[in-house]
Amino acid sequence: MFNLYWADERGFPPGDRGAAYGDGLFETIRMHGDRGVLLSRHLDRMVRDAGRLGIPIALTDLRKACTAAVTRYAGRYTNQQAEGDWVLKLTLTRGEGGRGYQPGVGVRPNLLVSASSMPIAPAGSGVAADFSRVPLTVNPLLAGIKSLNRLEQVMASREILGDLFEVLMSDAGGNLVEGTRTNILIKGLEGWVTPPAKSLAVAGIMRQWVLEKLRSQGEVVVERPLDIGDVMGSQCLGVYLLNSVMGIVPVRCLAGQDLPVGDGLATIFNPLELLE
């Protein structure tokens, strides 16, 4: 069991290890009224990745917290522009206690629940993106976990200026990894290509759903390292950014170069069909 906190009442206690050391993880879930898009996948990932960090949490307790969040928040968004769409955020930390980095014995996890309005949807015609100058280091032990350690993404997001929607981050070897808040999928001559999950800082829920959907339709999906030539060369037939809240976002301009934008991928995602 965990200690439950509501963001509109007060935040975590001063000694919380999430605030002190980034000792925790989070999920951001697109909601429509009292249901969430791919909700089960988000909750399953939080339980699974909390286990990887050694933070005990039960799926049944997490679902009860979501039910309470819907009761508390959903009604606030029913008459807003997005027709009842809102964003639920769950932040789980190891809890409070311990000296320095080492957790104390019997520390009880903390869960902070918050809600916010849906962000403005990007244009269906595509967005502008660029390459970040901030390198992204992925620790194999933490690969894929949506942990609270996001300082590299914070620094890179400072480069998102003007009409830029996103910047794409590379590892020390020059391979493209992901955006500050998105995963990358490209359409190439060999099929759909995306970096492998083991190379990602965050293995997104939308990314996994899209890959499964494409494969179920008989599409070729390749998981391999991407370099700048893959997205800027003539063999690139489209670049897409994947995010659980915004869905599938085509890139029409990357680092000042126009890219082809097709509508085939964007049309496979209908959030209303994925509500749970």
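Before reading further, recall that the structure is shown in the block above.
Presented here is an overview of the structure given in this document. (Residues numbered from 1 in each chain as written. Predicted model: local features only at pLDDT ≥ 70, side-chain atom pairs only at ≥ 80, totals over all residues. Heavy atoms only, no water.)

1. Structural notes on the nonpolar core
Formed by 27 residues in total, the largest nonpolar core has its most connected members in L25, W86, L88, L90, L92, L111 and V113. Sorting the residues of this core by element identifies β2 (24-32), α2 (39-53), α3 (59-73), β4 (85-93) and β7 (110-117) as the ones contributing at least two each. Take this core: its biggest share by element is 6 residues, from α3. Not counting chain neighbours up to four residues away, the residues in contact with L88 comprise E27, T28, I29, M31, C66, A69, V113 and S114. By size, the runner-up hydrophobic cluster in this structure holds 22 residues, among which are M118, L176, I184 and V249. (Core = buried A, V, L, I, M, F, W, Y, C linked by side-chain atoms within 4.5 Å. Buried < 20%, exposed > 50% of the residue type's maximum accessible area, 1.4 Å probe, protein only. Helix = DSSP H or I, 4+ residues; strand = E, 2+ residues; numbered from the N terminus. Contact = heavy atoms within 4.5 Å.)

2. A word on the packing of aromatic side chains
Counted by the stated rule, this structure contains 7 aromatic pairs. Both rings, one in Y5 and one in F12, keep their centres 6.0 Å apart while their planes meet at 85°; by these two values the pair is edge-to-face. By relative accessible area, F12 is classed as partly exposed at 22%. An aromatic cluster is defined as three or more aromatic residues linked by ring pairs; in this entry it consists of W6, Y73, Y77 and W86. Its end group placed over the ring of F26, K89 keeps NZ or CZ at 4.9 Å from the ring centre. (Phe/Tyr/Trp six-rings, centres within 6.5 Å; stacked < 30°, edge-to-face > 60°. Lys NZ or Arg CZ within 6 Å of the ring centre and 35° of its normal.)

3. Observations regarding the sheet that holds β2
Spatial ordering of the open sheet is given by β1-β7-β4-β2-β3, a layout of 5 strands whose pairing is mixed. With partners counted over all chains shown, the strands left at the sheet margins are β1 (3-6) and β3 (35-36), one partner each. Strand direction decides the pairing type here: β4 and β7, joined by 8 bridges, are antiparallel. Bridging across to β7, L90 finds its partner in V113. Packed on one face of the sheet, α2 meets β2, β3 and β4 and runs near 175° to β2. Taken strand by strand, α3 contacts β1, β2, β4 and β7, and its axis lies near 140° from that of β4. (Pairing = 2+ DSSP bridges. Axes fitted to C-alpha atoms, helices over the stretch in contact; angles between N-to-C directions.)

4. Re the pattern of salt bridges
Once their charged atoms are close, side chains differing in charge can pair, the charge on each being opposite to the other. A full pass over the atoms with the stated rule returns 16 salt bridges. Across the pair E27 and R45 runs a salt bridge whose closest N-O atoms are separated by 2.7 Å. Residue E27 is located in strand β2, and its partner R45 is located in helix α2; the two are separated by 18 residues in the primary sequence. Judged by its relative accessible area of 1%, E27 falls in the buried class. Exposure remark for R45: the relative accessible area of 2% places this residue in the buried category. Several salt bridges converge on common partners, so that one network encompasses D8, E9, R72 and R76. (Salt bridge = Lys/Arg side-chain N within 4 Å of Asp/Glu carboxyl O.)

5. Remarks on the packing of α2 against α3
Packing of α2 against α3 brings their axes to within 10 Å, and their N-to-C directions diverge by 130°. When the interaxial angle is binned, α2 and α3 end up oblique. Remark: the crossing between α2 and α3 carries right-handed chirality. Every residue of α3 that contacts α2 at S40, L43, D44, M46 and V47 is listed here: L59, L62, R63 and C66. Here the residues of the contact of α2 with α3 sort into 6 nonpolar, 1 polar and 2 charged. (Parallel < 35°, antiparallel > 145°, perpendicular 65-115°, else oblique. Left-handed = near helix turned anticlockwise from the far one by under 90°. Nonpolar A, V, L, I, M, F, W, Y, C, P; charged D, E, K, R; others polar.)

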